Amino acid sequence: MKKLFIQTYGCQMNLADSEEMAAHLFTRGYMPTEQLEEADLVLVNTCTVRDHAEHRALSFLGRLRQWKREKSGRRIIFAGCAAQRLGQQLKKTFPYLDIVSGAREIDQFAQLLDKSGFLSDAPGGQPVQKGITGYVTIMRGCDFACSYCIVPTVRGPVKCLPSAEILQQAAKKASQGYPEIMLLGQTVNAWHEDGKTFADLLNEVSALPGVARVRFVSPHPAFITPQFLDGIKSNTKIARHIHLPAQSGSSKVLQEMKRGYTREILLDKIHALKQIGFSISTDLIVGFPTETQEDFEQTLSLVEQAGFSAAYCFKYSPRQGTPAAEMKLLDEKILEQRLDILLNKVRGLAEAAYQQQMGRTVEVLLETPNKGRTGEDFWIQTQKSYTVGSVVQTEVTASDGTLLFTRD
Ligand code: SAH
Ligand code: SF4
Ligand code: F3S
């Protein structure tokens, strides 16, 4: 049997796409390997959200030149968002590439493989089961047009998967031993279907046999509405953590980013989420072209006011074809300084958030016999041992800033 090595860059949507592409390869004579040296085929699934992400994927591809030379019959598939952006011209720079398959072509991936002619008919392997979380893609693409972002270009407009298919996928994951289901999409909470809302879908997934907890990523603040919160507030299987990208704390910059909300609207939504027990993490961009020192300070103060449990901070990276790429860039030194200051600010967030869990009764989904995560997404260690995948209620009695501890 031939061996497949997968290298994935980018977001969780890309991880799920890699799983989907790998499934097609597993029915065509391949089995997974974690060792590049023993692989016959490498699938590189790429990201282009920032220049740095694309650069990493391309430099890995550069290194594969030598890998391919070392043994005859080796093959390379370059897929995902950078593949979508750069297209077939990649084969000119990297003539040893066998297949280029952009993120928008995932539905045709199986056909592309069958056309390529180098795949064997031998039965293949199974994916390696890792962890307790099963990923289910519920929508693809993005209908927003944030002025800095390349995702709508490389992923295309929104396509929601039918709820029947989503429920079938989630049920399958649960029966395979994934008690936690993570619903995925670039603007996951934009999901809708005639007569069915995203809240309805979350409730239906959580009611499936074997599902202990449901999470979702990445939501857009636009769809955090009172109706949504009403629809989920009594369902404790919906984990009380949300990764809600804020991007900036300045209403002026948010407007220029075309995010569709102001600082005040965002803070109201954050407040409403907290009222029903959510912990909130976020993404922030520093150095958007029009960001003044004052705007940047607004981002710093947002971090304080919102009480995020974690924040991923990025330096603005111009992406070809986006409106913001036409604007004059700020000095790189300013970007570096601001990133430094922001990183210092967010450094203590997780620790403080862990401390705030002291004394609370929390619900833990066990990932090992005595370690798991709470619904609010904090790691916790229990004294007693439990069955992996079960949910227990327990009280937090100590915290070391990265891990919570319990009395029993
Ligand atoms: N769909 C999600 C996020 C997608 S991209 C959302 O709308 O929130 C993931 C993160 O990358 C974004 O939240 C943003 O913080 C960051 N990002 C996107 N484009 C960027 C750019 N051009 N430069 C720097 N960071 C960027
Ligand atoms: Fe990009 Fe904005 Fe769409 Fe998120 S909502 S993927 S940041 S365009
Ligand atoms: Fe990157 Fe594509 Fe995800 S650009 S962040 S892998 S949608």
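Residues numbered from 1 in each chain as written. Chains lettered and ligands numbered in written order. Predicted model: local features only at pLDDT ≥ 70, side-chain atom pairs only at ≥ 80, totals over all residues. Heavy atoms only, no water.

Novice: Outline the pattern of salt bridges, listing residues and values.
Specialist: Under the counting rule described, the total for this entry stands at 28 salt bridges. Across the pair Asp-98 and Arg-75 runs a salt bridge, and its minimum N-O distance is 3.5 Å. On the criterion of sequence distance, the pair formed by Asp-98 in the loop between helix H4 (90–93) and strand S5 (99–102) and Arg-75 in strand S4 (residues 75–80) is long-range, its members being 23 residues apart. Residue classification places Arg-75 among the partly exposed residues on the basis of a relative accessible area of 28%. Here Arg-215 ties to Glu-180 by a salt bridge, and the two come within 3.0 Å at their closest N and O atoms. Residue Arg-215 is found in strand S10 (residues 213–217), and its partner Glu-180 is found in strand S9 (residues 180–184); the two are separated by 35 residues along the sequence. Note on Arg-215: relative accessible area 6%, which makes it buried. Of the residues examined, Glu-180 reaches a relative accessible area of 0% and is grouped as buried. Shared partners join several salt bridges into a network, and the residues in it are Glu-180, Arg-213, Arg-215, Glu-367, Arg-373 and Asp-377. (Salt bridge = Lys/Arg side-chain N within 4 Å of Asp/Glu carboxyl O. Helix = DSSP H or I, 4+ residues; strand = E, 2+ residues; numbered from the N terminus. Buried < 20%, exposed > 50% of the residue type's maximum accessible area, 1.4 Å probe, protein only.)

Novice: Now, about the site of ligand 1: what can you tell me, with residues and values included?
Specialist: Taken together, 15 residues surround ligand 1, and among them Arg-50, Gln-186, Gln-247, Asp-283 and Ser-317 come closest. Gln-186 places a main-chain nitrogen or oxygen 2.7 Å from a nitrogen atom of ligand 1. In the model, an oxygen atom of ligand 1 is placed 2.7 Å from a nitrogen or oxygen of the Gln-247 side chain. Its free accessible area being 540 Å², ligand 1 has 91% of it covered by the protein chains. For the shell around ligand 1, the elements supplying multiple residues, two or more each, are strand S12 (279–286) and strand S13 (310–315). Taken together, the residues that form the shell around ligand 1 break down as 6 nonpolar, 4 polar and 5 charged. (Near = heavy atom within 4 Å. Polar contact = N/O pair within 3.5 Å; in protein donor to acceptor, adjacent residues only side chain to side chain. Areas by Shrake-Rupley, 256 points an atom, 1.4 Å probe, with all protein chains shown as cover. Nonpolar A, V, L, I, M, F, W, Y, C, P; charged D, E, K, R; others polar.)

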